[in-house]
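Descriptive structure summary
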Amino acid sequence: MWERLSKWNTLRNQIFVIFVFVMAIVLFFAGGLAYNTVSTLLKTNAERQIQQTAVQASSRMEALYEHVDLMTTQVATNSFVQQLLLEDLEGESASFDQRQAIMQIVNSYVAYSNGIDSFEIYLPNYARLFPLNEADLPQRVNVKSIEQARQENGRFVWVGRDPSNPDFFLGLKQINLVDRWFSPGGYLIVRVRDTYLEFDEPSEEDEYMILVDEQANTMTSNYEGDVEELLNGEEQTVTIENTDYMLVKHTSDITGWQTVILTPINTVTEDVSVLRTTLLFSAAAGFGVFFLFSFLLSTVITRPILKLTKAMRYGKLGALKPSKEISPTVEINELIETYNQMVETMNHLMQAVYEKEIIRSRSELKALQAQINPHFLFNTLEALYWSLDEKGEDELADNVLAMSDLFRYTISSPQQADWVNIKDEFDHIERYMQLMKMRFEDRLAWKVSLTPGYETVKIPKLLIQPIVENAILHGIGNKDGEGFVEIEAIPTDDLSKLVMTIKDNGPGITQSKINDILNALESERVPSEEGNGMAIPNVNKRLRLYYNDANIRELSITSEVGKGTVVTLEIPMNGGFV
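Residues numbered from 1 in each chain as written. Predicted model: local features only at pLDDT ≥ 70, side-chain atom pairs only at ≥ 80, totals over all residues. Heavy atoms only, no water.

1. Looking at helix α15 (residues 535–546)
Taking 1.5 Å per residue as the helical rise, α15 with its twelve residues ought to reach 16 Å, and the 16 Å between its terminal C-alpha atoms agrees with that figure. Among the residues of α15, Ala535, Ile536, Pro537, Val539, Asn540, Arg542, Leu543 and Tyr546 are the ones counted as buried. Buried-residue contacts for α15 involve β11 (419–421), β13 (458–460), α13 (465–476), α14 (511–523), β16 (556–560) and β17 (564–572). (Helix = DSSP H or I, 4+ residues; strand = E, 2+ residues; numbered from the N terminus. Expected span 1.5 Å × (residues − 1). Buried < 20%, exposed > 50% of the residue type's maximum accessible area, 1.4 Å probe, protein only. Contact = heavy atoms within 4.5 Å.)

2. A few points about the confidence of the model for the protein
Residues shown with low pLDDT carry predicted positions that ought not to be read at fine detail. Of the residues in the protein, 77% have a pLDDT of 70 or more, and the chain-wide mean is 77. Considering only residues more than four positions removed or in separate chains, one finds that residues 363–380, a stretch of pLDDT under 50, has six contacts. Residue range residues 527–532 is modelled with pLDDT below 50. Its contacts to residues more than four positions away, or to other chains, number six contacts. (pLDDT = per-residue confidence, 0-100.)

3. So, the sheet that holds strand β12 (residues 444–450)
Reading across from one edge, β12-β14-β15-β17-β16 is the order of the five strands in this open sheet, with mixed pairing throughout. Since the sheet does not close on itself, it has two edges, and those belong to β12 and β16, each with one partner. When strand polarity is set aside, the average angle formed by the axes of neighbouring strands in this sheet is 10°. Taken together, the seven bridges between β12 and strand β14 (residues 483–491) define a ladder with parallel strand orientation. (Pairing = 2+ DSSP bridges. Axes fitted to C-alpha atoms, helices over the stretch in contact; angles between N-to-C directions.)

4. Here we look at the nonpolar core
Counting 43 residues, the largest nonpolar core has Leu85, Phe119, Ile121, Trp158, Leu197 and Trp257 as its most contacted members. With ten residues, the single largest contributor to this core is helix α2 (residues 11–76). Residues contacting tryptophan 158, with those up to four places away along its chain left out, are Tyr65, Phe169, Leu170, Leu197, Asp213, Met219 and Trp257. Judged by nonpolar contacts, the second largest core, of 40 residues, contains Tyr432, Met436, Leu463 and Ile514. (Core = buried A, V, L, I, M, F, W, Y, C linked by side-chain atoms within 4.5 Å.)

5. Regarding α14
End to end, α14 covers 18 Å across 13 residues, agreeing with the expected 18 Å (1.5 Å per residue, within 8%). For α14, the full list of buried residues reads Ile514, Ile517, Ala520 and Leu521. Seen from one end, α14 has its buried residues packed into an arc of 120°, which puts them on one side. (Arc of directions from axis to C-beta.)

6. Some remarks on the sheet that holds strand β8 (residues 237–240)
Across a sheet, strands are paired by hydrogen bonds formed along the backbone, either parallel or antiparallel in direction. Pairing in this open sheet of five strands is antiparallel, and the strands run β7-β6-β10-β9-β8 from one edge to the other. Each having just a single partner strand, β7 (218–221) and β8 make up the two edges of the open sheet. On average, each strand axis in the sheet is inclined to that of its neighbour by 25°, with strand direction left out of account. Both strand β6 (residues 208–212) and β7 contribute to a ladder of three bridges, which runs antiparallel. Bridge pairing in β7 places isoleucine 210 opposite serine 221.

7. Here's the deal with the packing of aromatic side chains
Inspection of the entire model under this criterion finds eight aromatic pairs. Here the aromatic residues Tyr65, Phe156, Trp158, Phe169 and Trp257 are joined through ring pairs into a cluster of three or more. It is arginine 191 that lies over the ring of phenylalanine 168; its NZ or CZ is 4.2 Å from the centre. (Phe/Tyr/Trp six-rings, centres within 6.5 Å; stacked < 30°, edge-to-face > 60°. Lys NZ or Arg CZ within 6 Å of the ring centre and 35° of its normal.)

8. Brief notes about the side chain of threonine 259
With respect to the secondary-structure elements, threonine 259 resides in strand β10 (residues 258–264). With a relative accessible area of 0%, threonine 259 lands in the buried category. Aside from chain neighbours lying at most four places away, what touches threonine 259 is Ala54, Ala57, Ser58, Phe199, Ile210, Leu211, Val248, Lys249 and His250.

9. A word on the environment of leucine 569
Following the sequence through the fold, leucine 569 ends up in strand β17. On a C-alpha basis, the gap between leucine 569 and serine 556 in space is 6.5 Å, while along the polypeptide they are 13 residues apart. Beyond its immediate stretch of four places on either side in the chain, leucine 569 contacts Ile467, Leu498, Val499, Met500, Val539, Leu543 and Leu555.

10. So, the packing of helix α12 (residues 422–440) against α13
Packed helices, taken two at a time, are described by their axes: the angle between them and the distance between them. Where α12 contacts α13, the axes come no closer than 10 Å and their chain directions differ by 20°. In terms of axis orientation, α12 runs roughly parallel to α13. The way α12 lies across α13 gives a crossing that is right-handed. Residues Glu425, His428, Ile429, Tyr432, Met433, Met436, Arg439 and Phe440 of α12 touch α13, and the partners they reach there are Gln465, Val468, Glu469, Ile472 and Leu473. (Parallel < 35°, antiparallel > 145°, perpendicular 65-115°, else oblique. Left-handed = near helix turned anticlockwise from the far one by under 90°.)

As structure tokens, then:
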């Protein structure tokens, strides 16, 4: 199967598939993001509108409630009603004519409200003052409502449905006597038609609107299900008869009544469905257009490459031919021109390859003949040492032996490490100083001191010798009289580093020259054009390379003209980084 598919694994198909795949991903994520964003925005706006509708419905009920409260307040504070209740407290009962007169007053207030059906007035002992039929207050409302009205002290109390007629609601208020320091003087019941509290027609066909009082008693509703279940639930969506509804609640701060609105979700998301259809159609159309252009683009890109590939196949036959294809694409044009130049160069190289092979062979032979065997050098020096020793030339023999050991230490095989014990480095310096004494004789004296116990500290090979050589050549070599060089290694107070000091009593260095050397160390350049100043920059660079993370001070120089020079550097006890 894979063999059959491999013939379709061409550059054109790869470009085409990648373009289409990338476009599909872009369309998928962009469309999904747009759909989620807009649908969420539409749902949020719809929920806000429904919430606003609930607030408006609740505000309308608050207005009706306040209107009823206002009417009861006007009746309770009517001067004639106040006078009759005050006289009753003083022991003078109202006459039949006075009770009849109350009817005219009450009817005048009822006429100004299309929701209020009637008023009832009761004495403090719960006996009815108006209307004229005999009944007491506990027969009309429960004792709990009477007690609540007493506690509210004149504020309106909503009782609920009229026990004698469910088509009406009752409200209760305690009447306070203005001329008796607002002391309780009786009770006022108002009866309100239930149609007075009905909602307007819902804006949606399947929308439900419910109004409940503070005791969760249904006051008005077009929903036939269990209202208590809706009130106790915390879900924002409910399912009624296999239809999902959005649930919005609002509680009035004035009445304590709760307005509940149930709106079908399919109504809210109707615009989302249109959006989804539009996005799918747009994505399909865009994908089709991009599919076509991707195919054309991949063909245009790969056609010149295919022709160039055919031209390169002639190379299998041993004859490379240039391509004459001219592409409108700059990059492909450059590729063809580069190939043509390569063909020309390779044909030329093919003609000269035999001559170059001969030259390379001869060069390798000469390099082999010119190689120096270090063991031959060491053996020759050893033979010279024994010859001088037999002739009694002890001092010269020792110098030859020192030279042999110096060469052996300096000329390392590639397998030898770059790290040595500090004792080996100091022994190498001793041999070097012994050879230098052949030149300077009594003018050169030296001292090499290493603190006991630190002989095995590892340092880079030949790190100190260049500075010692510098001190002899530029210090002792430029001084008249005896010269002295001291090399010592002392541990720091915290025993984490060794401080290496190379001192000489030469003519010293001027401060300007020291500044030039320090600037050269910072910029890693050689300060001397003749090459004599390479020792210090070389050592400083090796310190940076081997101890780049060891937190050590870099090489420092102090000098005083006529008194000598001191070069100091630090070496970590635990080595550095190879």
